[in-house]
Amino acid sequence: MKINIKYILISTLAISITAGCKKDFLNQTPEATIVGDNFFKTETDIKQAVNGAYSSLIGMGLTSYWLFGEMRSDNTTYQYNGTDRGLEQREFVDEFLSSATAPPIQQYWQESYTAIAHCNDVLDHVGKISMSDAAKNQYTGEAELLRGFHYFNLVRQFGGVPIRITSTQSPGDARSKGRAAEADVYKQIIADLTDAAAKLPAKYTGADIGRVTQGTALTLLGKVYLTQKNYADALTALRKVTTLGYSMLPDYKSVFDPANKNNSESIFEIQYLGSQNGLSSNFLYQFAPWTSGSTVTGDPGTNLGSGNGYNIPTQDMIDAYETGDARKNASLSLSFTDPTSGKVVPYVVKYNHGFVDRGKTNDDFPILRYPDVLLMIAECLNEQGFAAGGEAFNLLNQVRTRAQLPAKTAGNANAALNVSTQAAFRDAIFQERRVEFAFENHRWYDLLRTGKAVDVMNAHGIRQMAQFSTIPAGSYKVTANKLLLPIPQREVTLDNLQQNPQ
């Protein structure tokens, strides 16, 4: 489906200044400054501000989300580049060596709060502009959902963070009230998503396809409750999603094809437009081995053609696929041999669909898909009580069937397919989530919420250090304290925030 994504074209709001004669000119708000009083006049202005809130996703999707959601886990790593050490700080994220002064951490924090500020601007002014109730509800719901999404990421990465729910009107507002408790951050997230679910439409048409919907809010709300181990409320939210018309595509590989953007199983994806500067994606280049030249990208450009060697699938990830799993070849490739070492360097192909123009690709990035809803429902059911052959098994196997894998059942004669206890089903869901959502930035958060992160990452680190001699000493010494990122030192200093123990 070809989609018009003009709603994300504005990443920085701008206004035209028209000179005129006014008597009290000394008391005028400077027209060259965008503030609420001189920008928000019409519904068009509100919609433009909502579009600006969406635009924050574009940059974060290109680096921060996969760096901290996937490469920080055992799913991916990097290809060591001994000739260019300029992005070593990205490697430190993978190796649990990042400090409070690390630029990627500061960038993640700053991007998140800039995005939240866009949402706050909308919410502070949407009630003051004349428009239909339907439009007001939609814009309010979009801003609330996006704000809740950013806070959900922040609280899982940093723990308690400052809560800002109003726009900054003066320099005195710049300082926060300090870090809120995690419980209070989650309370705000749930409030935002609950109200968004009540206000957003179930679907859009035309140029608005791709905006967040009621299904997005409910799915994200279910994931928040699941993270809190509130299985009853998670199940309530997620079951509502199943009534909204979503369905899985028959073929896993086609889900990620740019020709199928915003398909029937897409609940939330970052919209990219390959033909536009500042709106295109570039995962093809970032995830290709840096020694691959134009072999992987197909781009003959001397500089643009080479990959960056990031988000490289680990051996652990490769080994996670069962024999015959159709998702493996649709997600990664083992076809490239490094000419400098003679070793195979795997790379992600899930977003490898060629380039539209030099350095520009048209691939969207999935945030939430319908199989996530099915597997989360199965997980909730199992946590409320194991039932052999019940609904939870049907949901799990629905996902496996598309992957061309045999069903898992209780009492199966094949030990690999036998799931006869609650613990075994829990492990089966965890495994299925890993391969179904590989390279979609779920793995790190699944490790955190299941309490497996320390043990899994330490074991993974041992294997990584045995495989790669270039990994610095002291890497992968993962403790409970290391599960949270350090608060950026700039914020600690300027906003007097308490630092996370490291």
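What you see is a predicted model, and the numbers here were worked out from it, not measured in a lab.

A.B. asks: Just checking my understanding: could you explain the overall build of the protein for this structure?
C.D. replies: Each helix and strand counted, the protein has 18 helices and 6 strands in total. Relative to the 2.2 N^0.38 estimate, which gives 23 Å for 502 residues, the radius of gyration of the protein is 23 Å and therefore close to what a compact globule would have. The principal-axis extents of the C-alpha atoms in the protein amount to approximately 85 × 55 × 45 Å. A burial count over the protein gives 55% of its 502 residues as buried. Partitioning the contacts of the protein with sequence separation of at least 6, the portion at a separation of at least 24 is 69%. Of the accessible surface of the protein, which amounts to about 20,900 Å², a share of 52% is contributed by carbon and sulfur atoms.

A.B. asks: What should I look at first to understand empty space enclosed by the protein in this one?
C.D. replies: Rolled over the atoms, a probe sized like a water molecule indicates the empty space that remains. Applying the stated criterion to the full structure yields 3 cavities of 30 Å³ or more. In this model, the largest cavity occupies a volume close to 130 Å³. Surrounding the largest cavity, 17 residues form its lining, V255, F256, E269, D364 and P366 being those nearest its centre. Of all the secondary structure elements, the ones that give two or more residues to the lining of the largest cavity are strand 2 (266–270) and strand 6 (365–369). Partitioning the lining of the largest cavity into residue classes produces 7 nonpolar, 4 polar and 6 charged.

A.B. asks: Mind showing me how you'd approach unusual backbone geometry here?
C.D. replies: Note on backbone geometry: most residues besides glycine have negative phi, and most peptide bonds are trans. If you check the backbone angles, F96 has positive phi at about 60° while not being a glycine. Relative to the helices and strands, F96 resides in the loop between helix 4 (88–95) and helix 5 (103–125). With a phi angle near 65°, Q404 is a residue other than glycine that sits in the positive phi range. As for its position among the elements, Q404 is in the loop between helix 14 (391–402) and helix 15 (422–436). Note on Q404: relative accessible area 61%, which makes it exposed.

A.B. asks: Even after reading the chapter, I still don't get the packing of aromatic side chains, so can you show me in this structure?
C.D. replies: How two aromatic rings sit relative to each other is set out by the distance from centre to centre and by the angle between their planes. Counted under the stated rule, the structure contains 23 aromatic pairs. Ring geometry for F68 and Y108: centres 5.0 Å apart, planes at 10°, overall stacked. Residue F68 is found in helix 3 (residues 64–69), and its partner Y108 is found in helix 5; the two are separated by 40 residues along the sequence. Centroid distance F283 to F287: 5.8 Å. Interplanar angle 20°. Geometry classified as stacked. Of the two residues, F283 and F287, both sit in the buried class. Aromatic ring contacts, followed pair by pair, group W66, Y252, F256, Y272, F283, F287, Y310, Y351 and F365 into a single cluster. In this structure, R156 packs its charged tip against the face of F152, placed 3.6 Å from the ring centre. Just above the ring of F430 sits the side chain of K452; from NZ or CZ to the centre is 5.1 Å.

A.B. asks: Just checking my understanding: could you explain the packing of helix 2 (residues 43–62) against helix 6 (residues 133–158) for this structure?
C.D. replies: A pair of packed helices is captured by two measures, namely the crossing angle of their axes and the spacing between those axes. The N-to-C vectors of helix 2 and helix 6 enclose an angle of 25°; their axes lie 11 Å apart at closest approach. Relative to helix 6, helix 2 is oriented roughly parallel. Note that helix 2 runs across helix 6; the crossing there is left-handed. The segment helix 2 lies against helix 6, with E43, I46, K47, V50, A53, Y54, L57 and M60 engaging A135, Y139, E142, L146, F149 and H150. Here the contact of helix 2 with helix 6 is built from residues that sort into 10 nonpolar, 1 polar and 3 charged.

About the cut-offs
Residues numbered from 1 in each chain as written. Predicted model: local features only at pLDDT ≥ 70, side-chain atom pairs only at ≥ 80, totals over all residues. Heavy atoms only, no water. Helix = DSSP H or I, 4+ residues; strand = E, 2+ residues; numbered from the N terminus. Rg over C-alpha atoms; globule rule 2.2 N^0.38 Å. Buried < 20%, exposed > 50% of the residue type's maximum accessible area, 1.4 Å probe, protein only. Contact = heavy atoms within 4.5 Å. Areas by Shrake-Rupley, 256 points an atom, 1.4 Å probe, with all protein chains shown as cover. 1 Å grid on protein atoms, 1.4 Å probe; cavity = no way out; pocket = protein on both sides within 12 Å on 5 of 7 lines; lining within 4 Å. Points joined across faces, edges and corners; volume = space filled by probe spheres on them. Nonpolar A, V, L, I, M, F, W, Y, C, P; charged D, E, K, R; others polar. Phe/Tyr/Trp six-rings, centres within 6.5 Å; stacked < 30°, edge-to-face > 60°. Lys NZ or Arg CZ within 6 Å of the ring centre and 35° of its normal. Axes fitted to C-alpha atoms, helices over the stretch in contact; angles between N-to-C directions. Parallel < 35°, antiparallel > 145°, perpendicular 65-115°, else oblique. Left-handed = near helix turned anticlockwise from the far one by under 90°.

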